[in-house]
Every structure is written in structure tokens, then in C-alpha cells.
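An overview of the molecular structure
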Amino acid sequence: MRTRFTYIVLLVALFAGRLSAQTAGPEKGAVVIVGGGAISPDIWNRFIELAGGKANARIIVIPTAGDDSTLTASGQRTQKRLQELGVANVTLLHTRDPKQANQESFVAPIRQATAVWFEGGRHWRLADSYLNTLAHNEFNALLGRGGVIGGTSAGATIIGSFMVRGDTKGNSIMVGDHTEGLAFVKNLTVDQHVLRRNRQFDLIDVIKARPELLGIGIDESTAVVVQKNAFEVIGNSLVGIYDINQINSNAKYPSGQNSTGGPFYFLSKGQKFDLQTRKVINQTPPRPNEPAK
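About the thresholds
Residues numbered from 1 in each chain as written. Predicted model: local features only at pLDDT ≥ 70, side-chain atom pairs only at ≥ 80, totals over all residues. Heavy atoms only, no water. UniProt positions renumbered as here; feature names shortened; annotations may be inferred. Core = buried A, V, L, I, M, F, W, Y, C linked by side-chain atoms within 4.5 Å. Buried < 20%, exposed > 50% of the residue type's maximum accessible area, 1.4 Å probe, protein only. Helix = DSSP H or I, 4+ residues; strand = E, 2+ residues; numbered from the N terminus. Contact = heavy atoms within 4.5 Å. Pairing = 2+ DSSP bridges. Axes fitted to C-alpha atoms, helices over the stretch in contact; angles between N-to-C directions. Right-handed = clockwise from strand over helix to strand, strands pointing away. Lys, Arg positive; Asp, Glu negative; His and termini not counted. Salt bridge = Lys/Arg side-chain N within 4 Å of Asp/Glu carboxyl O. Phe/Tyr/Trp six-rings, centres within 6.5 Å; stacked < 30°, edge-to-face > 60°.

You'll find the chain entered in an unreviewed UniProt entry as Cyanophycinase, with Fibrivirga algicola given as the organism. Quoted verbatim from the Catalytic activity (unreviewed entry) field of UniProt, the annotation for the chain is "[L-4-(L-arginin-2-N-yl)aspartate](n) + H2O = [L-4-(L-arginin-2-N-yl)aspartate](n-1) + L-4-(L-arginin-2-N-yl)aspartate". One UniProt comment on the chain, placed under Function (unreviewed entry), says "Exopeptidase that catalyzes the hydrolytic cleavage of multi-L-arginyl-poly-L-aspartic acid (cyanophycin; a water-insoluble reserve polymer) into aspartate-arginine dipeptides."

With respect to the nonpolar core
Ranked by size, the top nonpolar core spans 47 residues in total, and within it I33, F118, F139, I216 and F231 carry the most contacts. Here this core takes five residues from helix α7 (residues 134–144), the largest share from any one element. Residues in contact with I216, not counting those within four places in the same chain, are L188, T189, V190, D191, L203, V224, F231, V239, G240, I241 and Y242.

What to know about the sheet that holds strand β2 (residues 58–62)
Strands sit in the order β3-β2-β4-β5-β1-β9-β10-β13-β14 across an open sheet of nine strands; the sheet is mixed. Edge positions in the sheet fall to β3 (89–92) and β14 (279–280), since each of these pairs with one other strand and no more. Sheet analysis places strand β9 (residues 222–227) next to strand β10 (residues 230–235), joined by six bridges and oriented antiparallel. Opposite V225, over in β10, you have E232 as the bridge partner. Across the sheet, α7 touches β1 (30–34), β2, β4 (115–118) and β5 (148–152), and the angle it forms with β5 is around 120°.

Concerning the pairing of strand β8 (residues 214–218)
Taken across its five residues, β8 has five buried, putting it largely inside the fold. Residues L214, I216 and I218 line one face of β8 and the alternating positions G215 and G217 line the opposite face, and both faces are buried. Of the pairings in the sheet, the one linking strand β7 (residues 185–192) to β8 comprises five bridges and is parallel in character. What sits directly across from D191, in β8, is G217. As for the winding sense of the linkage, the β-α-β connection from β7 through helix α9 (residues 203–209) to β8 is right-handed. Alignment of β8 against strand β11 (residues 239–242), held across four bridges, turns out to be antiparallel. From the neighbouring strand, I216 faces β11, where its bridge partner is I241.

Here we look at the sheet that holds strand β12 (residues 265–267)
Here five strands make up an open sheet; going across it, the order is β6-β7-β8-β11-β12 and the pairing mixed. At either margin of the open sheet sits one strand with a lone partner, and together these are β6 (160–162) and β12. When strand polarity is set aside, the average angle formed by the axes of neighbouring strands in this sheet is 45°.

Comments concerning the side chain of E220
Following the sequence through the fold, E220 ends up in the loop between β8 and β9. At 4.1 Å, R196 is the nearest oppositely charged side chain to E220, a buried residue that forms no salt bridge. What E220 contacts, discounting residues up to four positions off in sequence, is G35, G36, G37, H193, R196, R197 and S237.

What to know about the packing of aromatic side chains
Taken as a whole and judged by the stated rule, the model has twelve aromatic pairs. Between F118 and F139, the ring centres sit 5.4 Å apart and the planes meet at 85°, which makes this aromatic pair edge-to-face. Here F118, found in strand β4, pairs with F139, found in helix α7; they are 21 residues apart in sequence, far enough to count as distant. Comparing F118 with F139 shows no difference in burial state: the two are buried. Ring centres 5.8 Å apart and planes at 80° place the aromatic pair F264 and F266 in the edge-to-face group. Take F264 and F266: they sit in the same class, and that class is buried. Linked through ring pairs, F106, F118, Y130, F139 and F184 together constitute an aromatic cluster.

Below you can see the structure in the form of C-alpha cells.
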């Protein structure tokens, strides 16, 4: 009897573990994850639309990932760009001090916002400043009321639950002294600038060591828009998918996907992906003069 009971307990624990290891997006709201580089108008327009539209969007730009010498200028450039696109209400918010990020006065603007945007730089600075603070709680609350959180480059990697390239000694170290992200998408790790910087093979060993994670590698001028448990690719280039089942099985690439020569595959603009089943929802659109599959 005890053996049977123990077996049942183990099965329940295993099932619960599998559920907890599922990759999951926000229950409400949206997340826009950009691979760095020039941000194309279609990416900005989608972000603004999700933030409530030009007339109603209240966007906070957080430049904290940048160097002290450049972060103000970087934040102001993004603020100006959003204003040029028709958004009147854009403000900057920054601190390096988690004690300040725990203050009511600091988080007050977040409570009024419809969107938050994280600039690029080094994502460990974002983790040191905001992880597990009142500001972090308010970011999640913003999603809970249907808002949008976006970020580019370092501001993309912080969005996942596990951070690669987060070591304070340099971004060539894949798993370093900072690995915990803000986890707006659970059991996800994000790499950026993937094709532009020849990084397309770098996530493989990370996923082998942490098979519960889904890895996505986003090229420059490209983004994924996550809503609930699916994402859509937008922008100009490709997004790599790194899944332990694909890596271990040496399976053929899913029909219609872009082969890579490695144990991963790419999705292109307009394609959608289910985070929990880890399956492509729609196939690659046919090229000109190519019959649909």
C-alpha cells in the first residue's frame, strides 16, 4: 500500500513539475521582444497599438541598461522617436538603486502607464535595479491590466526568466553571474543580434544544460509579440527556435521552416508559435512561383 502511495505521489510531483516547466506568456497584456538594431516602423506601430494607440498610450522608457555616459541620450532618442510617431505621453524613468525602485513615489508613474519600454545596454543593470522590487511588481500589474512591456537588445533578454550574456565581466559569457530575468515570459531565455553577430549556435549548450527552457534567438530589426501562450514574428529578419526535443532528436525540421544546418530552425515574419506545445502554428508563406504547402 505504501509503495502504491509513493508511486502516486511521484507521478503527481512529476506532472506538477512538467506543468511548472511550461513556457508561458502573460495571462493579460502583451510583450514585445526586439532583437536589437534599427527598430522598423511596423514594430513601433504594433507596440503603440498595444499600448492603447497614439492618442491614449502612456509610455515609460527605461534606459537603465545603458552606460551612465549614454543612457540619458539613448532614452531621449527613443522618447523623441515615439513622439514623432504621434505618441504625446512619453516619459523617462531610471534608477540604479533598488531601494529607490521600492519607493511609492518612484513607481507612481508606472501605475498610470499603459506601456513600459526597456532600452538596450547590459541587462544585469536592469536586474540589479528592479528585480524583486516594488517596481517589478508594478510592471507585472501593468501587464495584468492589459498593458504592454517591450524591450530591445538587453531590454529583450531581461524579459525572459533566464538571462544569457548577463555576466558583469562581458556579454560573450553565456551563463554568468546574473541569470535571473524579470520573467514576464516564464521558462524562456532570449538571445539577440543573433544573425548580425553570428550567434546562432550559442543557445544550443544553454538549452542542453537547462532543458526546461525554450530558447529564442532574435535577429536585429525583428521582434516577437507575445500574447498569452503564443507569439507572432514581425519585422525584417528571422527568429531562431531552440527546444531540447529538437536538439536531442536530430529530427527533421518542421515542414516549411527555414533549415539552418544545426539543431534549431528559424521562423520568419507572420509566423506564429505556441509556447506551451512548442509547435509552429502556421507555416512559412510560399515564395513567389512556389506552390503553397
